[in-house]
2 protein chains.
Amino acid sequence: MNEKKKISRRTLLGGAAATAAIAVQHAFGKWVQRPAVISQPADPTKVQGPPPGALGTRSPFEQLRKTTSETSSRTPLQSLYGAITPSDLHFERHHGGVPAIDPEKHELLIHGMVDKPMVFTLRDLKRFPSFSRICFLECSGNFRGNRPTLTPQDICGLTSQSEWTGVLLSTLLRETGLRPKASWFLAEGGDAAVMTRSIPLKKGLEDGLIAYAQNGEALRPQHGYPFRLFLPGWEGNTSVKWLRRLELSDQPFMTREETSKYTEGIKDGKIRQFSFDMDARSIITFPAYPQVVEKGWIEIRGLAWSGRGKIIQVEISTDAGKSWYTARLQEPVLDKAHTAFRYLWYWNGENTEIMSRVTDETGYLQPTMRQLVEARGSSMGGYHLNPITAWVIKKDGTVLFRPEERK
Amino acid sequence: MNEKKKISRRTLLGGAAATAAIAVQHAFGKWVQRPAVISQPADPTKVQGPPPGALGTRSPFEQLRKTTSETSSRTPLQSLYGAITPSDLHFERHHGGVPAIDPEKHELLIHGMVDKPMVFTLRDLKRFPSFSRICFLECSGNFRGNRPTLTPQDICGLTSQSEWTGVLLSTLLRETGLRPKASWFLAEGGDAAVMTRSIPLKKGLEDGLIAYAQNGEALRPQHGYPFRLFLPGWEGNTSVKWLRRLELSDQPFMTREETSKYTEGIKDGKIRQFSFDMDARSIITFPAYPQVVEKGWIEIRGLAWSGRGKIIQVEISTDAGKSWYTARLQEPVLDKAHTAFRYLWYWNGENTEIMSRVTDETGYLQPTMRQLVEARGSSMGGYHLNPITAWVIKKDGTVLFRPEERK
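These notes cover the structure that comes with them. (Residues numbered from 1 in each chain as written. Chains lettered and ligands numbered in written order. Predicted model: local features only at pLDDT ≥ 70, side-chain atom pairs only at ≥ 80, totals over all residues. Heavy atoms only, no water.)

1. Digging into the sheet that holds strand 25 (residues 390-393) of chain A
Residue and element names in this part refer to chain A. Taken in spatial order, the five strands line up as 21-20-24-25-26 in an open sheet, and their pairing is antiparallel. What marks the edges here is a single partner per strand, and that holds for strand 21 (325-326) and strand 26 (399-401). Relative to strand 25, strand 24 (residues 352-360) runs antiparallel, the two being bridged by four bridges. Its bridge partner being in strand 25, I354 is matched across the sheet by W391. (Pairing = 2+ DSSP bridges. Helix = DSSP H or I, 4+ residues; strand = E, 2+ residues; numbered from the N terminus.)

2. Concerning the pairing of strand 20 (residues 311-317) of chain A
Residue and element names in this part refer to chain A. Within strand 20, five of the seven residues are buried, leaving the element largely enclosed by the surrounding structure. Pairing analysis gives six bridges linking strand 20 to strand 24, with the strands arranged antiparallel. Note that in strand 24 the partner of V314 across the bridge is V358. (Buried < 20%, exposed > 50% of the residue type's maximum accessible area, 1.4 Å probe, protein only.)

3. Details of the sheet that holds strand 19 (residues 296-305) of chain B
Residues and elements named next belong to chain B. Taken in spatial order, the four strands make up an open sheet running 18-19-23-22, and their pairing is antiparallel. One side of each edge strand has no neighbouring strand; the edge strands of this open sheet are strand 18 (281-286) and strand 22 (328-329). Here two bridges tie strand 22 to strand 23 (residues 339-347), and the two strands are oriented antiparallel to one another. Note that in strand 23 the partner of L329 across the bridge is F341.

4. Some words on the interface of chain B and chain A
Listed as interface residues are 126 residues of chain B and, on the opposing side, 126 residues of chain A. At the boundary of chain B with chain A, total buried surface from both sides reaches about 10700 Å², with 55% on carbon and sulfur atoms. Seen at the junction of chain B and chain A, the total is six salt bridges. In this structure, R123 of chain A engages E294 of chain B in a salt bridge whose closest nitrogen and oxygen atoms are separated by 2.6 Å. Summed over the shared surface of chain B and chain A, the result is 44 residue pairs in polar contact (both at pLDDT 80 or more). When its residues are assigned to classes, the side of chain B that touches chain A shows 56 nonpolar, 35 polar and 35 charged. (Contact = heavy atoms within 4.5 Å. Buried area = accessible area lost by both parts, 1.4 Å probe. Salt bridge = Lys/Arg side-chain N within 4 Å of Asp/Glu carboxyl O. Polar contact = N/O pair within 3.5 Å; in protein donor to acceptor, adjacent residues only side chain to side chain. Nonpolar A, V, L, I, M, F, W, Y, C, P; charged D, E, K, R; others polar.)

5. Focus on the pattern of salt bridges
A full pass over the atoms with the stated rule returns 53 salt bridges over all chains. A salt bridge links R357 of chain A to E315 of chain A; the shortest N-O distance between them is 2.9 Å. Placement of R357 of chain A in strand 24 and of E315 of chain A in strand 20 is noted, with a sequence separation of 42 residues between them. Considered together, R357 of chain A and E315 of chain A belong to a single accessibility category, that of buried residues. A salt bridge links D279 of chain B to R376 of chain B; the shortest N-O distance between them is 4.0 Å. Linking D279 of chain B in the loop between strand 17 (271-272) and strand 18 with R376 of chain B in helix 7 (residues 369-376), this pair joins segments that are 97 residues apart in sequence. Taken as a pair, D279 of chain B and R376 of chain B share a single burial class, namely buried.

6. Structural notes on the packing of aromatic side chains
All names here are of chain B. In this structure the tally under the stated criterion is 20 aromatic pairs over all chains. Their ring planes at 55 degrees and their centres at 6.3 Å tell us that F136 and W305 sit as a pair that is tilted. With a gap of 169 residues between them, F136 in strand 8 (residues 131-138) and W305 in strand 19 connect regions that are remote in the sequence. Comparing F136 with W305, the two get one shared label, buried. Taking 5.3 Å as the distance between ring centres and 75 degrees as the angle between the ring planes, the aromatic pair formed by W297 and Y346 counts as edge-to-face. (Phe/Tyr/Trp six-rings, centres within 6.5 Å; stacked < 30°, edge-to-face > 60°.)

7. Digging into the relation of the copies chain B and chain A
Overlay of chain B on chain A (RMSD 0.0 Å): rotation 180 degrees, translation along the axis 0.0 Å. Look at the turn and shift together and you get a two-fold axis relating the two. When the interface residues of chain B are mapped onto chain A, 100% of them again lie at the interface, so the same face is used by both copies. (Least-squares fit on C-alpha atoms with pLDDT ≥ 70 in both.)

8. Brief notes about a nonpolar patch on the surface
Side chains of W297, L344 and Y346 of chain A sit close together on the surface and give an oily, nonpolar patch of about 330 Å² of accessible area. Mapping W297 of chain A onto the fold places it in strand 19 (residues 296-305). (Patch = residues over 30% accessible without salt bridge, like charges linked within 9 Å, V, L, I, M, F, W, Y side chains within 5 Å. Areas by Shrake-Rupley, 256 points an atom, 1.4 Å probe, with all protein chains shown as cover.)

9. Brief notes about the state of the cysteines
This model, assessed by the stated rule, comprises zero disulfides over all chains. Distance from the sulfur of C139 of chain B, which forms no disulfide, to the nearest cysteine sulfur (C156 of chain B) is 12 Å. (Disulfide = S-S within 2.5 Å.)

10. Side note on the environment of T238 of chain A
All names here are of chain A. For T238, the position within the fold is in the loop between strand 14 (228-230) and strand 15 (243-249). Relative accessible area serves as the criterion here: at 0%, T238 is assigned to the buried category. For T238 and R197, which are 41 residues apart along the polypeptide, the C-alpha to C-alpha distance reads 6.0 Å. Residues contacting T238, with those up to four places away along its chain left out, are R197, I199, L229, L231 and F276. Of the polar contacts made by the side chain of T238, one reaches the backbone oxygen of E235; its length is 2.7 Å.

11. Remarks on helix 7 (residues 369-376) of chain A
Helical periodicity: at 3.6 residues per turn, an α-helix aligns residues three or four positions apart in one direction. Residue and element names in this part refer to chain A. Within helix 7 the residues assigned to the buried category are M369, L372, V373 and R376. The arc that holds the buried residues of helix 7, viewed along the axis, is 100 degrees, so those residues lie on one side. Turned more than 90 degrees away from the buried face of helix 7, the exposed residues are R370 and A375. Contacts from the buried residues of helix 7 go to strand 16 (264-265) and strand 17 (271-272). Immediately downstream of helix 7, the backbone of G377 shows phi near 85 degrees, a positive value. (Arc of directions from axis to C-beta.)

12. Considerations on helix 4 (residues 169-176) of chain B
Residue and element names in this part refer to chain B. In terms of burial, helix 4 is a largely internal element, six of the eight residues being buried. Turning to helix 4, its buried residues are L169, S170, T171, L172, L173 and T176. A positive phi of about 75 degrees marks G177, the residue just after helix 4.

13. Overview of the pairing of strand 12 (residues 209-214) of chain B
For a regular strand, the rule is simple: side chains alternate between the two faces of the sheet. Residues and elements named next belong to chain B. Of all six residues in strand 12, six are buried, a share of seventy percent or more. In the sheet, strand 12 pairs with strand 14 (residues 228-230) via three bridges, with the strands oriented antiparallel. Within the sheet, the bridge partner assigned to I210 lies in strand 14 and is L229. Two elements, strand 12 and strand 13 (residues 217-218), share two bridges in a ladder whose sense is antiparallel. What sits directly across from Q214, in strand 13, is E217. Joining the antiparallel neighbours strand 12 and strand 13 is a turn of two residues, in which N215 adopts a positive phi near 50 degrees.

Shape descriptors only; they carry no functional weight alone.
Laid out in structure tokens, this is it:
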């Protein structure tokens, strides 16, 4: 075929000229007889397409959607690639719906145990030194596991990842000053629920961000426009959206969200309160229900993350947990960030079960549901459940979630 | 104010209770008298907001748009934050408009100097080992400089950044095999222009990607759906969209796009051909026309990138190029990626000129327009122009682009 270079492009694409049919192999499929060159231009090449527009659009063949309930919407993890979540597919969890906020009428008040109470408009916040980081955000109630026909979106679609930009809270607190006893602050949102959480000041000073942008653009209303608190690696509800007030204090405020909610049962009738960190977790997003696979090479793909730092390893089992192999991690592996993992596997067509488990830089290894039950007791609630997810692969190629008893 | 913790939240937010007005300082503005607590809930807190939807939306206060011409659209760099470009704001440059492609009817043929010609469907491509990277993409014609009222979008809005996911070209070429003499390949698109470029095989094997996803989701029609070639750091037109054919050869194909176009004049009546690498460039996106600034602290912000690797330094001058200071770079600094830079500057309110210049890891320093003219001669064309961009700041706070003679 090396004489091809002597054929002009016009001849090559002109249609009638190409007569020799040669064997062309489909990558995954049977051999087919096919012309060596594309002798008939496909339809799109015959039609001048529309010019560039002010905003791009999705292909009608790729209609992505979140699943929704009255208070939340879930990211379709099984339909996404890489580590960034498109902003319109970022999960949502609201306590009073999405408020409509005019940024000119919205301010952040910082008061309480500060030297100098101050208010900041969006315009003010943008004038301070800014900071960006790529980071996941996950709801502490991010688990479902009650039936085999669950997708990754159903099981843990309350996690998403963005590049967040804003001003570090520590920068603002240098302006207000801090009284010596200040050790907690209340974060209050401007939504109909007036969402409030108490946050240890230490976390706020460490890496708390007042975020006003997400994936390059202004925050969207669903994610806290005009600005929100963002606490990397902590349960999502603490990253209070539509932030309007921070009150410094020397103790937590014991709001509804940390007394009646967002605590979880552990052993002996006790509960855990202020359980902020999101534990390390991973999930295989391919293959997963409702996908169907074929015998042969399969790249097992998924996401792993930890609220406590970088992940250092993801292991894959393709024999129901008997043996484990190390997956490849997509660089760059970032702190408190969804990290894509991949593992090439030859499926022999027999019934089996595949699963992933992650280890983070603190040495924490993702537990099984059985280990979670053992540690927390049968009264454990629905928060901070990060068990290993197992997918059953059946001979016919169907993939099903494997539910586990939580008693 | 430390007795605040003893006041119940209900009292605090209840309205009439709060009477004491204390001095609260606006971050950038005059002192105002303001209640110490938010005594009247703002409107949004009185109204239950709409529930989560299947797709998020932008705030009506943040209507971002590309500027468009018949063949291109430009990213509003001055309105964005961080390093990721939202996919619907990614610049476009088409040669035959945007084709409407059914992914079931689109295939990639690899033939020519290969052992085994093969065709790949989108489904096939997704079965191979995948790879993701965050990378800029820039049009080689990305420069305008003819008048003072140009925004960063006008000057160089033909560059954008995404997380790209696909299969490495080297992976596919291991399947087809390569004949010993193969050293170039033709990449052909399925648009109305049947866009073609000749690419050295070395580049394809090094880091060429057949990309099918962008910023987490399937490619959009404007960016090559169902898949495109992506050549990191090379001029955008070589990353052929709607890719349908790769033909391996032992020499370039000398298509229209590399003979009559995409070459640039240098000295003595000569032209440069196959000038693939995008040279290092930076631009200050704030402050920039049409923004207006106030005397005082200003965080100068912008983007820097190089098609030849990582950037190692961005320097800022606030005195028309007499002295230069090092800007902060936003981590992680990635290979061939837009990198956000920031430099805190106190503007004394006098007329001045600010500019940025980048150095990449090859030691290349971004040139001035004068240096470009000296190197290439007065007949140089409109491609690969990456001069230092200077913004004039006037006493009244207005910011204007400073055009430079290209003769």
